[in-house]
Amino acid sequence: MRFQVLDNLPISGTSLNSPVVSALLPVVLLIAIGMAASHADFIRAEATKDLSNLVFMVLTPALLFRTMSTVHVEQLNFKPVAMYFVAAWLLFAAIMAWQGLNRRAAVLALAATFSNTVMIGIPLVGLAYGQPGLVTLFTLISVHALILLTMATIVLEMVTAREDRLAGRGGERNMVVTVLSAIKGGIIHPVPLPIIVGLLFAQTGWVLPAVVDRPLQLLGDAMGPLALVLVGAMLAQVQIGTHLKDALGLGLLKNLALPTLMALLGWSVGMSGLHLTVMIVTAALPMGANVFLFAQRYEVAQELVTASMAVSTVLGLLTITLVMSLISWFG
């Protein structure tokens, strides 16, 4: 099977397994190749950061900009995107209510709601649902980090200030500055920025010249395979240790609870079709790496978050298959 992110593979047919297998098998194989390459020292631990920078700073922006450079705003559907954030906020609030108003609860709530939309989401959705699915995904990606990470920043700053007061620690935290910094970082970022620029370019009615479009296409085509190999290499370097039980629980919340909530909310307001399908599958993706950055910044649950990212990704091979099969069945 030829792996190309923008292939428009058919998703209909009498067999439930065909679209699921055709979309997930390349994902599984490429992650496995990355793990094998890491174990064989073909990809060393110190090289993963450089490869990650290549994916996020070069390949991903090329794919995002080129795809959105032909999309007009009237083609976008923001209703499923809004419903996605309602589902994420509800789950976030439920975890906070369950775990308490503290930094650990906030970081775990973020872990259960923040999807790996780029390194796993883009290749998977591209394979399963083609360019129409990617346009829906990119609509979400354009505000995904901005909204969820800003929300997490506000909550974490509030609970940190509360913990400091209760502990009698001095010093005022400037929450406004921190939140504004989070908003700026969510916009001036190699993921949402090329989406916004691509959309603006599309509204001009201009067409990318072939001499520019072809290199962007080649870079974008390389993004999916390399990102998935990199995921495998990173998984091979993670030590789960004694956090397996808690990581498994958090992984199940992320991989199954969020897509279930998304599906129920979508169906309750009469949503159906490709837009809802992509949102459900995106909700079922493993947790994204930005969660670990928050665990580091607020010095809480760092080992658990690292273990949960690994468990969520491995578990995702089974749970995404289940979610996509159920969508095919009920769709």
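Just above, that's the structure.
Source: prediction; values computed, not measured.

1. Details of the overall build of the chain
(1) Moving on: Scanning the chain for helices and strands turns up twelve helices and zero strands.
(2) Moving on: In sequence order, the secondary structure elements of the chain are arranged as α-α-α-α-α-α-α-α-α-α-α-α.
(3) Moving on: Relative to the compact-globule value of 20 Å for 331 residues, the chain shows a C-alpha radius of gyration of 20 Å, a close match.
(4) Moving on: Along the longest, intermediate and shortest principal axes, the C-alpha atoms of the chain span 60 × 45 × 45 Å.
(5) Moving on: Of all 331 residues assigned to the chain, the portion counted as buried reaches 52%.
(6) Moving on: Sequence-distant contacts, at least 24 apart, represent 85% of the contacts inside the chain between residues at least 6 apart.
(7) Moving on: In the form shown here, the chain has an accessible surface area of approximately 15,200 Å², with 66% of it arising from carbon and sulfur atoms.
(8) Moving on: One finds the centroid of the 16 positive side-chain charges in the chain at a distance of 5 Å from the centroid of its 14 negative side-chain charges.

2. Some details on the nonpolar core
(1) Moving on: Counting 100 residues, the largest nonpolar core has I122, L124, F138, M262 and M324 as the members making the most contacts within it.
(2) Moving on: Top element by residues in this core is helix α5 (residues 117–167). It accounts for 23 residues.
(3) Moving on: The residues touching M324, leaving out its near neighbours within four places in the chain, are V20, A23, L24, L124, A128, Y129 and V281.
(4) Moving on: Listed in part, the five residues of the second largest apolar core include A62, F65, F201 and L216.

3. A look at the pattern of salt bridges
(1) Moving on: Across all of its chains, the model carries three salt bridges by this definition.
(2) Moving on: Put simply, E46 and R44 hold a salt bridge, and the shortest N to O gap is 3.7 Å.
(3) Moving on: In this structure R44 comes out as partly exposed when scored by relative accessible area, which is 49%.
(4) Moving on: Between R66 and D213 there is a salt bridge, and its shortest N-O distance comes to 2.8 Å.

4. A look at helix α10 (residues 273–283)
(1) Moving on: Within α10, eight of the eleven residues are buried, which leaves it mostly tucked inside the rest of the structure.
(2) Moving on: Turning to α10, its buried residues number three or more, namely L276, T277, V278, M279, I280, V281, T282 and A283.
(3) Moving on: Elements that come into contact with the buried residues of α10 comprise α3 (79–99), α5, α9 (244–268) and α12 (302–330).

5. Some points on the side chain of S52
(1) Moving on: Considering the arrangement of structural elements, one finds S52 in helix α2 (residues 45–68).
(2) Moving on: In this structure S52 comes out as buried when scored by relative accessible area, which is 14%.

Conventions adopted
- Residues numbered from 1 in each chain as written.
- Predicted model: local features only at pLDDT ≥ 70, side-chain atom pairs only at ≥ 80, totals over all residues.
- Heavy atoms only, no water.
- Helix = DSSP H or I, 4+ residues; strand = E, 2+ residues; numbered from the N terminus.
- Rg over C-alpha atoms; globule rule 2.2 N^0.38 Å.
- Buried < 20%, exposed > 50% of the residue type's maximum accessible area, 1.4 Å probe, protein only.
- Contact = heavy atoms within 4.5 Å.
- Areas by Shrake-Rupley, 256 points an atom, 1.4 Å probe, with all protein chains shown as cover.
- Lys, Arg positive; Asp, Glu negative; His and termini not counted.
- Charge placed at Lys NZ, Arg CZ, Asp CG, Glu CD.
- Core = buried A, V, L, I, M, F, W, Y, C linked by side-chain atoms within 4.5 Å.
- Salt bridge = Lys/Arg side-chain N within 4 Å of Asp/Glu carboxyl O.

So yeah, pure geometry; function would need other evidence.
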